[in-house]
Amino acid sequence: MGKEGGCGQNKTMVKQEQELANRPDNTAFTQQRLPAWQPMLSAGIVIPGFVIIGLAFIGIGVALFITSKNIQVMEMDYTGFEPDSDCFKCSNPEEKNCVCQLDFNISSRFEGPVFFYYGLSNYFQNYRRYGVSKDDAQLSGDLDNFKSPSDTCSPYDTDGIKPIVPCGSIANSMFNDTFLLYREVNGTNELVPLDGKGIAWWTDYNVKYRNPNVTPLKEAFEGTVKPLFWPRPAYELDTSDPNNNGFINQDFLVWMRRAALPDFRKLYRRIAQGDYARGLPAGNYSLKIAYNYPVLSFQGRKKVVFSNVSWMGGRNDFLGIAYLVIGSMCVFMSIVMLIVYAKFKFPEED
Amino acid sequence: MRITERRQRGRSKKKPKETRTVRVHTGHEHNPNRHYANNRIKTTKYTVLSFLPKNLFEQFHRFANVYFVFIALLNFVPVVNAFQPELALAPVVFILSVTAIKDLWEDYRRHRSDTEINHMDCLVYSRAERRYVERFWKEVQVGDFIRLRCNEILPADVLLLSSSDPDRLCHLETATLDGETNLKQRQVVRSFFDLDCEFDPLKFNGIIECEKPNNDLNRFRGYILHRSGSRDALYKDNLLLRGCTVRNTEEAVGIVIYAGHETKAMLNNNGPRYKRSKLERQMNVHVFWCVVILLLMCLFAAIGHGLWVFQYGDKRPVFDVLSPEGAELSPVVAAVYLFLTLIIVFQVLIPISLFVSIEIVKVCQVFFIHQDQDLYDEDSDSRLQCRALNITEDLGQTQYVFSDKTGTLTENKMVFRRCTVAGVEYSHDANARRLALYQEVDSEEEEVPPPGGSLRRDSSSSQQSSRVVLRSLSTKTHRRTGSRADAKRASILSKHTAFSSPMEKDVTPDPQLLDKVNECGGQMDFMRFHGQPVSQLPSDLADIMDFFMALTVCNTVVVSSPNQPRQKVRMRLESKSPVKTIEDFIKRFTPSRLTSGSSSSSSSSLATSRSSNRGCSGLLSSPSAESTLAKLQEEQAALGSAPPRYDGTPRSPEDGELRYEAESPDEAALVYAARAYKCSLVGRLPDQVTVELPHLGKLSFELLHTLGFDSTRKRMSVVVRHPLTDQITVYTKGADSVIMDLIKPPDTGRRQKKLVLRTQNYLNLYAADGLRTLCIAKKVLSKEQYACWLQRHLEAETAIQGREELLFDSALRLETNLQLLGATGIEDRLQDGVPETIASLRQAGLQIWVLTGDKQETAVNVAYACKLLDPEEEILTLNADSHVSVYPPSSSSPHSAAFTVHRLGLVIDGRTLAYALDQSLEDRFLAVARSCRSVLCCRSTPLQKSTVVKLVRNKLKVMTLAIGDGANDVSMIQVADVGVGISGQEGMQAVMASDFALPRFRYLQKLLLVHGHWSYSRLANMILFFFYKNAMFVALVFWYQFYCGFSGSAMIDQWYLIFFNLMFSAFPQLVTGTLDKDVSAETLQQLPQLYMSGQNSEEYKPYMFWMNMIDAFYQSLVCFFIPYFAYADSDVDVFTWGTPITTLALLTILVHLGIETRTWTWMNCLSISFSVSLFFTVSLCYNASCPSCFSPSNPYWSMQRLLQDPLFYLLCVLTPVAALLPRYFYRACQGTLFPSPVQVGRQLDKLPSETRRNILNLGGVEAGSAVRPVPHFLSLGTPSPEGPDENHQRAGLHAVDATEKDTLPYTKDAAKLPPEPRPRPPGDAEPRPPGDDEPRPPGDDEPRPPGDDEPRPPGDDEPRPPGDDEPRPPGDDEPRPPGDDEPRPPGDDEPRPPGDDEPRPPGDDEPRPPGDDEPWPPGDDEPRPPGDDEPRPPGDDEPRPPGDDEPRPPGDDEPRPPGDDEPRPPGDDERPHETSEALKTSAMSASSRAASSPRPPSQAASVQLPLPPDGDAQRVRYCRNSDHAVRPAARTQTDAVL
């Protein structure tokens, strides 16, 4: 068939090109003859491919694993759920302005820079209705939205009369425990300086969240009320530093960035100043906690975490292990296939 | 006049409106026809205003769209909304607008073409200006008078009122309407016929009552009511249809009857149909399953959420959000809300873009199919047309092919091959050789130098290979039109005349017959000269004369001259209309004439025509015969036509130049054949046919009536007044089955009876040879008879109600008691590549059924020729007479088991089919048919064809494809899942009804095997991929629900969620779905077995859907949990965590697609990299665009930060590998360990071309074998067409022998039927001595009821009781020693010269008991050497090689003296003949005829007819095969005559 077509074509092409108006174009594309690569899953490709991938993965895995192992992490639960724990007394919701203290010991130097996190468990910041409950325009300093917050904030948009600023459930539920870290130096507790700057995303601090362009800031909040759970209005979050006040308060920013999973930690401070720039020296420490945030009602847990970081972030053995496992599986499969191929010859060889 | 009109209008208003009344538009007041549609056409669907609502309304007919809109609207409900409502609308709006834009564009194109058409000009009569003025088409209104000029296109349906043509004709070209290229004649309405002066519209005062607009092109009825009160009937012959072109007529005037959308052309114009492919149906099931999965997921999550809310009890956690009213949501309410929310979130599972993507891919596939050069036919400069855009993949899943025969398998180029006249056969060997040459030239095309001038083909005089002549002169005319180099020119040459390829036109006359014609002409000339009545001619010569007259006259061929193809040749000498009224009749047939020719054996002669003062022919119309004769002679002299001699006297130049335009190719073939014998049709007018005869010159037949062909009567007749005898003669031409029934009972004369028997015999022979047979008969009417008939005929003609029926009855009354003249055999050659195509389609596992209207023998032989039936097969023939006999009494018998005999072919005829299609039997019929390898339904009506297709499609639940070319295939094409039309010579109706239109049958191979396979495999893979992709993506969100309190939140940003399908992952799969080739086109064609993967839906099986779903869930688990653990216990926020997951999912999906992509072109690479970069670009832009928008996600700068995170890259490397490892491993192992055939094919593709060719050749050989349709290395995973079990069974059944076959239930029950003749006892024939035939007294045959012998003529089959084979001793059939039949007693042959082609009745071979043959020495058959048969394998028939004939000594036929037949004893021939009437009775008295089992003395030399004349094909085949002693396998043919 094909042959027939071929010879006919040549002949007529010359003679009657114009007459054959309906002749299809003879291009590789229209005739579906584009040069193509047909990857065949043949032994020659599959086995070496698997081995190479496997070995590469194992290599990466080892590197990751070692990196991860070098990261130091220290976690302390201070929920006060157990009666014998230090913060048990504070876990009672009736207790106001309760302060508890957590003592701990660092046996060897905690390499710096040390990141100081607080962590919450069983806390659903990713709850859908919770996540929606904010007003981005308001948070970017739009004064109109101060007066009439977005519907998305409902029911935390007004207290019935006045608008709530910042509105919404996220802001309302802002974590408000505070920590002070002391190091026992020669019997006295020396306050470890905690750096609260730059713990939030740079873009959040500089671009996304804006205070209204009103000075003093307080005037902008005229006619509004603070969120129900808040002890202080937004413009008093950090009165000492106007650049850390209002909506661009770093703690607020960190909180507003909702955690992906119900067990999460959030960066509280960095320990990177003065003597502690190289880390926390070995010794006894005590952590003074202003225990304000109730979590026991929903079986939540609170913790503090000290961790240093590597290039790949915090400590996480998983990725290294995953690479190792997948890499070895690749190698294993290539061996299996090798055996299979050896037993059943593949057709091409016939 | 106006007053009358008004009055009449008033009157007609009261009438119920069943008809349309058209009045003249006076121009002074309201147009009386204003309520009829005007001529403006508007094919657009929309207007500017209605576009949006109407288009949306249409789009919402698709359920999916409604669903997506519902979901989008759900988003506007605050309590359940999941996304930004506007955003959620985006995909739906996008999908809807894509479709809307497509629709709009299409509509715009329609609008433009409408405008163009509406603004064409035509001449409309303006009453105000009293002249014709130019108007746009759209301004034409019903009732307007229109003047048409030559070559103008008709703007509306117009009633022809006046024509410049002296015959008051208007010629129309209807190619745009029905594709027929010949001219149609239309006549002026009768009352305007005699109008001498120019038609004046002002004087027209009639009111036209006619039918309401309808779409029947071939029907128009009505009448004109004149002011005088007289009525004038209107016919379809008076109506000029919109869209046709006026030809040959300078000017015509008509009144518009139907305009615009009410014209028949517009009413016939249906748009493309919407079909849903099997794959889509399957897909919809899975879409449904997706919905179920979706609901389950939502339900699960809703319950989970309810519990989650419930666990907190009254203590609301700080993160809980109260309802807007501040109230707490109860867990149940929260769950219900959540359920709805999740439906929105998970909506992606139902792939919104799937439908659009499929449509896009299909359009691309259609484009590629359309572009394929291999499907382009140079001859006609046409390519494949895809008329249905949405069933391309069905082409890859077809299981049953139903094919028409004529024009589909064959070329529909009718070539006159042979004829029998007055019981004598003229084999036209030279003609056969000539045809063989065409074949040869065609096949050796390359050697032929470019063709030069045209050579007139002379008759057989030059015996020395005309091939040499051909080569040296290499004339164009000698080359088949099929040959490509010439094709164009030939088609240009014949553009104006259909059916006029040289092959069809040039008929080499049989010398013997030519002699006789000459002799006859001479004698007539002599007699005329001596004043003897022409009827005194010897009856055989008279028959010959009549035969050619009939060929020439009995048709509707229009004569034109080649210089101006459209200029009809005028031979009119006197103008007169056909007899239309009784008065006219009386006037024209004076009493004296009525008495003159009362008897049919008439004494009427030329002399009697003396009394005629108005002859029908101008030549004979002069007062006396003498002067007529003188005139004749003058004319003859003037023409200079010497007495024609058969050996090549050039025809008169004029004669040679005429062109014939026929409505059907058969007609043209017959006219050309007659012309070869110097009986040329030189002119045809409505009332007169002019014929030029040898010696006699031009004769004009007065054409009294033409009773056109219809498929019910299967015949046509003309009533003429014979110019020589002046008798009223009816010439009838039609299917042999019907004509034979109408022949005068044989008791009228021994000669006639003998003639009938002989002719029947030859007919069978022709049919056996695959020729189309037509019988020619005549009848002489006495004037009284005619008058009597005419009276009722005229009544019928003028009847308004039921005119068709009355005319039909009238025709039936006339066509009785015919006198048989002869029969013709016309060959319809197979198209190129048909056997190969069928073979390869069959290898591809397609069941091929041929449904044809042809007679059984013809069909069977064509089936053999095109390898549909295999000589190795056993043929099961079902010919039943009644309902009961089809019905096997043993209804409970598990006959289906009995039928799984190895390779069975089923042949069933129309009548039996009617029974078989009965409700009670259809299951049985199907059970039988299913187990047969091929099925051949003969004599089936269009309705039966479609019923069969419908039955198979519905009952067997298979994919059917119907292919055909003619109007009779339309219903079948429409019923089948895939309808394919052949854009051949038979008009466009099949094409219009089809989904795909092919130029040639053989293109079906590539269309199905390659494009069908590709389309199917591409779409199947794409759909599966779609499901996978969406499930995988949605599952990610689902897993997240476990970590967000089942609250319906998503870590994937809503933008990604919504646009993932539409943008990020859409292109690569579209490209793959469009371009991917699982196996190369070459391999697919060389290994048709690969097609089975589509038939068995192997690319898309339900389990694959579920496997894909499972894989999707697995992959999503990997893509979810690797990031989950990688980010566990970190300070990651929702979307910083979700974005990598999205990225990973995208990468995984793309790599997955990469694994599934079989061929990588730059387009694939481009699309994948485009997709990835699009994702990153979009997300980078999106994440940088607006810091405070896109609540709730606010993904500001997320992607930017991620890109700085090494963890992100580590995940991107790890996750896709981990996710795809199992699939990749599976693919790798499967491709090596248990590859599917398709994979093997792909591996073959990779091999170097030579190796591949070798393997394929190897495979091809094996593929041909029955048991293993797959080369051994393919067989591993390849199911046989019927599945492995059956395959196995088959192999086992390979050796089943005849006895087992005989237990077939049908045959079994047949045995219970009345005694039947066939089981002739072995000794039965013995009494017949070897020399038995010729001395046998004539009476010998008479007692034998005709129809006895198996030479079953068409009608014969039914009466033959079934079981007729079974009692036959097994040894009789099947172990029959080779040469069993051939050995014919020498004495048997001797009386007849060898090479005499007289048909040997086939039945005669087979039923003959062995004992019968034994006395004959085996070697005696030298006239028909065994080798003669053997070289003719089934496929051999059609391109019958010249060699087949050549070995025959040249003198074989020609030297045969004219009187060859006569010396033969009369009884000799009769035996095999049988009249059809006789057949009817034959069954009953069959027993008596056993003795006669006549074998006509060896006509064995008939080289090209190795088939026995009776055309009992299957039996013949059997005989032939038995020559191949190599194949001992059971080969009885089971004549289950039910």
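Thresholds, definitions, all that
- Residues numbered from 1 in each chain as written.
- Chains lettered and ligands numbered in written order.
- Predicted model: local features only at pLDDT ≥ 70, side-chain atom pairs only at ≥ 80, totals over all residues.
- Heavy atoms only, no water.
- UniProt positions renumbered as here; feature names shortened; annotations may be inferred.
- Buried < 20%, exposed > 50% of the residue type's maximum accessible area, 1.4 Å probe, protein only.
- Helix = DSSP H or I, 4+ residues; strand = E, 2+ residues; numbered from the N terminus.
- Pairing = 2+ DSSP bridges.
- Disulfide = S-S within 2.5 Å.
- Patch = residues over 30% accessible without salt bridge, like charges linked within 9 Å, V, L, I, M, F, W, Y side chains within 5 Å.
- Areas by Shrake-Rupley, 256 points an atom, 1.4 Å probe, with all protein chains shown as cover.
- Salt bridge = Lys/Arg side-chain N within 4 Å of Asp/Glu carboxyl O.
- Core = buried A, V, L, I, M, F, W, Y, C linked by side-chain atoms within 4.5 Å.
- Contact = heavy atoms within 4.5 Å.
- Buried area = accessible area lost by both parts, 1.4 Å probe.
- Phe/Tyr/Trp six-rings, centres within 6.5 Å; stacked < 30°, edge-to-face > 60°.
- Lys, Arg positive; Asp, Glu negative; His and termini not counted.
- Charge placed at Lys NZ, Arg CZ, Asp CG, Glu CD.
- Polar contact = N/O pair within 3.5 Å; in protein donor to acceptor, adjacent residues only side chain to side chain.
- Expected span 1.5 Å × (residues − 1).
- Axes fitted to C-alpha atoms, helices over the stretch in contact; angles between N-to-C directions.
- Left-handed = near helix turned anticlockwise from the far one by under 90°.
- Nonpolar A, V, L, I, M, F, W, Y, C, P; charged D, E, K, R; others polar.

- The name given to chain B in an unreviewed UniProt entry is Phospholipid-transporting ATPase, with the source organism recorded as Cyclopterus lumpus.
- Reading the Sequence similarities (unreviewed entry) entry of the UniProt record for chain B gives the comment "Belongs to the cation transport ATPase (P-type) (TC 3.A.3) family. Type IV subfamily."
- You can read under Cofactor (unreviewed entry) in the UniProt record for chain B the words "Mg(2+)".

### Thoughts on the pairing of strand S13 (residues 251-258) of chain B
Residues and elements named next belong to chain B.
Here comes step 1: With seven of eight residues buried, S13 lies mostly within the body of the structure.
Here comes step 2: Sheet analysis places strand S4 (residues 145-149) next to S13, joined by five bridges and oriented antiparallel. Counted as the bridge partner of Arg149 is Glu251 from S13.

### Comments concerning the state of the cysteines
Residue and element names in this part refer to chain A.
Here comes step 1: Going through the model one piece at a time under the given rule, you end up with four disulfides over all chains.
Here comes step 2: A disulfide bridge connects Cys90 with Cys98, and the sulfur atoms are separated by 1.6 Å. A torsion of -60° about the S-S bond marks the disulfide between Cys90 and Cys98 as left-handed. Neither Cys90 nor Cys98 differs from the other in exposure class; each is buried.

### What to know about the sheet that holds S13(B)
Residues and elements named next belong to chain B.
Here comes step 1: Overall, antiparallel pairing links the six strands, which are arranged S3-S2-S4-S13-S5-S11 in an open sheet. Across the chains shown, the open sheet's two edge strands, defined by having one partner strand only, are strand S3 (131-136) and strand S11 (239-240).
Here comes step 2: As defined by bridge partners, strand S2 (residues 121-126) adjoins S4 across two bridges and the pair is classed as antiparallel. In the strand pairing of S4, Val124 is matched with Ile146.

### A short note on the sheet that holds strand S31 (residues 904-909) of chain B
Residues and elements named next belong to chain B.
Here comes step 1: The sheet built from nine strands is open, its strands ordered S16-S35-S34-S33-S17-S29-S32-S31-S30 with mixed pairing. Both outer strands of the open sheet, strand S16 (385-386) and strand S30 (874-878), are each paired with one neighbouring strand and no more.
Here comes step 2: Examined bridge by bridge, S16 and strand S35 (residues 996-998) share two bridges and lie antiparallel to one another. Residue pairing for S35: Gln385 is matched across the bridge by Ala997.

### A closer look at a nonpolar patch on the surface
Residue and element names in this part refer to chain B.
Here comes step 1: A cluster of nonpolar side chains, Val285, Phe288, Trp289 and Trp1106, forms an exposed patch at the surface whose accessible area comes to about 380 Å².
Here comes step 2: Sort the elements by how many residues they give to the nonpolar patch and helix H7 (residues 278-312) lands first, with three residues.
Here comes step 3: Among the secondary structure elements, Trp289 is positioned in helix H7.
Here comes step 4: Under the relative-accessibility criterion, Trp289 is labelled partly exposed at 35%.

### Describing the nonpolar core
Residue and element names in this part refer to chain B.
Here comes step 1: Phe346, Tyr1100, Phe1120 and Trp1137 are the most contacted members of the largest nonpolar core, which has 135 residues in total.
Here comes step 2: Counting residues per element, this core draws most heavily on helix H34 (residues 1003-1041), which supplies 20 residues.
Here comes step 3: For Tyr1100, the residues in contact, after removing those within four places along its chain, are Leu279, Gln282, Met283, His286, Tyr1016, Ala1020, Ile1023, Leu1024, Phe1027 and Phe1105.

### Remarks on the interface of chain B and chain A
One frequently used descriptor of interface size is the decrease in accessible area upon assembly of the parts.
Here comes step 1: Residue-level contacts link 107 residues of chain B with 96 residues of chain A.
Here comes step 2: Together chain B and chain A conceal approximately 9,200 Å² of surface at their shared face, both sides included; 62% is due to carbon and sulfur atoms.
Here comes step 3: For chain B, the biggest contributors to the area lost against chain A are Val318(B), Phe319(B) and Gln373(B); these three give 8% of the whole.
Here comes step 4: One can count three salt bridges joining chain B with chain A.
Here comes step 5: Between Lys303(A) and Asp1129(B) there is a salt bridge, with its nearest N and O atoms 3.1 Å apart.

### Some thoughts on the packing of aromatic side chains
Residues and elements named next belong to chain B.
Here comes step 1: Within the structure shown, the criterion is met by 89 aromatic pairs over all chains.
Here comes step 2: Ring centres of Phe1120 and Trp1137 lie 5.3 Å apart, and the angle between their planes is 80°; this geometry places the pair in the edge-to-face category. Of this pair, Phe1120 sits in helix H39 (residues 1102-1126) while Trp1137 sits in helix H40 (residues 1134-1156), placing them 17 residues apart in sequence. Comparing Phe1120 with Trp1137 shows no difference in burial state: the two are buried.

### Quick word on a negative patch on the surface
Here comes step 1: Taken together, the side chains of Asp77(A), Glu82(A), Asp84(A), Asp86(A), Asp103(A) and Glu184(A) define an acidic patch exposed on the protein surface.
Here comes step 2: If you trace the backbone, Glu82(A) turns up in the loop between strand S1 (73-77) and strand S2 (98-106).

### Thoughts on the side chain of Thr729(B)
Here comes step 1: Examined against the element boundaries, Thr729(B) turns out to sit in strand S26 (residues 728-734).
Here comes step 2: Here the side chain of Thr729(B) touches Gln727(B) through a polar contact of 3.3 Å, landing on its backbone oxygen.

### Looking at helix H10 (residues 317-343) of chain A
Here comes step 1: Its 27 residues give H10(A) an end-to-end C-alpha distance of 39 Å, which sits within 8% of 39 Å, the value for a rise of 1.5 Å per residue.
Here comes step 2: One side-chain oxygen at the N-terminal end of H10(A) lies 2.8 Å from the backbone nitrogen of Phe318(A); it belongs to Asn316(A).

### Re the pattern of salt bridges
Here comes step 1: By the definition in use, this model includes 37 salt bridges over all chains.
Here comes step 2: Note that Lys303(A) is salt-bridged to Glu75(A), the shortest N-O span being 3.6 Å. Residue Lys303(A) is located in strand S10 (residues 301-308), and its partner Glu75(A) is located in strand S1; the two are separated by 228 residues in the primary sequence.
Here comes step 3: Using a relative accessible area of 11% as the deciding quantity, one classes Lys303(A) as buried.
Here comes step 4: Among the residues examined, Glu75(A) registers a relative accessible area of 39% and is labelled partly exposed.
Here comes step 5: A salt bridge links Glu922(B) to Lys955(B), with the nearest nitrogen and oxygen atoms 3.0 Å apart. Remark: Lys955(B) occurs in helix H31 (residues 942-956) and Glu922(B) occurs in helix H30 (residues 919-930); sequence separation between them is 33 residues.
Here comes step 6: A cluster of three or more residues bridged by salt bridges with shared partners is formed by Glu75(A), Arg265(A), Lys303(A) and Asp1129(B).

### Remarks on the environment of Leu514(B)
Residues and elements named next belong to chain B.
Here comes step 1: Mapped onto the secondary structure, Leu514 falls in helix H14 (residues 511-529).
Here comes step 2: Taking the relative accessible area as the measure of exposure, Leu514 reaches 1% and is therefore buried.
Here comes step 3: In sequence terms Leu514 and Tyr426 are 88 residues apart; their C-alpha atoms lie 9.8 Å from each other.

### Focus: unusual backbone geometry
All names here are of chain A.
Here comes step 1: Of the consecutive residues Ser154 and Pro155, the connecting peptide bond is found in the cis state with omega at 0°.
Here comes step 2: For Pro155, the position within the fold is in the loop between helix H5 (143-147) and helix H6 (169-172).
Here comes step 3: With omega at -5°, the peptide bond leading from Thr215 into Pro216 counts as cis.
Here comes step 4: By the element assignment, Pro216 lies in the loop between helix H7 (202-208) and helix H8 (217-220).
Here comes step 5: With phi around 55°, Asn186 is a residue other than glycine that occupies positive phi space.
Here comes step 6: For Asn186, the location among the structural elements is in the loop between strand S5 (178-185) and strand S6 (188-191).
Here comes step 7: Its relative accessible area of 77% is what places Asn186 among the exposed residues.
Here comes step 8: The backbone of Gln299 shows a phi angle near 55°, a positive value even though the residue is not glycine.
Here comes step 9: Looking at where Gln299 falls in the secondary structure, it is placed in the loop between strand S9 (283-291) and S10.

### Observations regarding the packing of H7(B) against H39(B)
Residues and elements named next belong to chain B.
Here comes step 1: Axis separation between H7 and H39 bottoms out at 11 Å; the angle between their running directions is 35°. For the pair H7 and H39, the sense of crossing is right-handed. Across the interface between the two elements, Gln282, His286, Trp289, Cys290, Ile293 and Met297 from H7 touch Pro1102, Phe1105, Trp1106, Met1109 and Phe1113 from H39.
Here comes step 2: Looking at the contact of H7 with H39, its residues break down into nine nonpolar, two polar and no charged.

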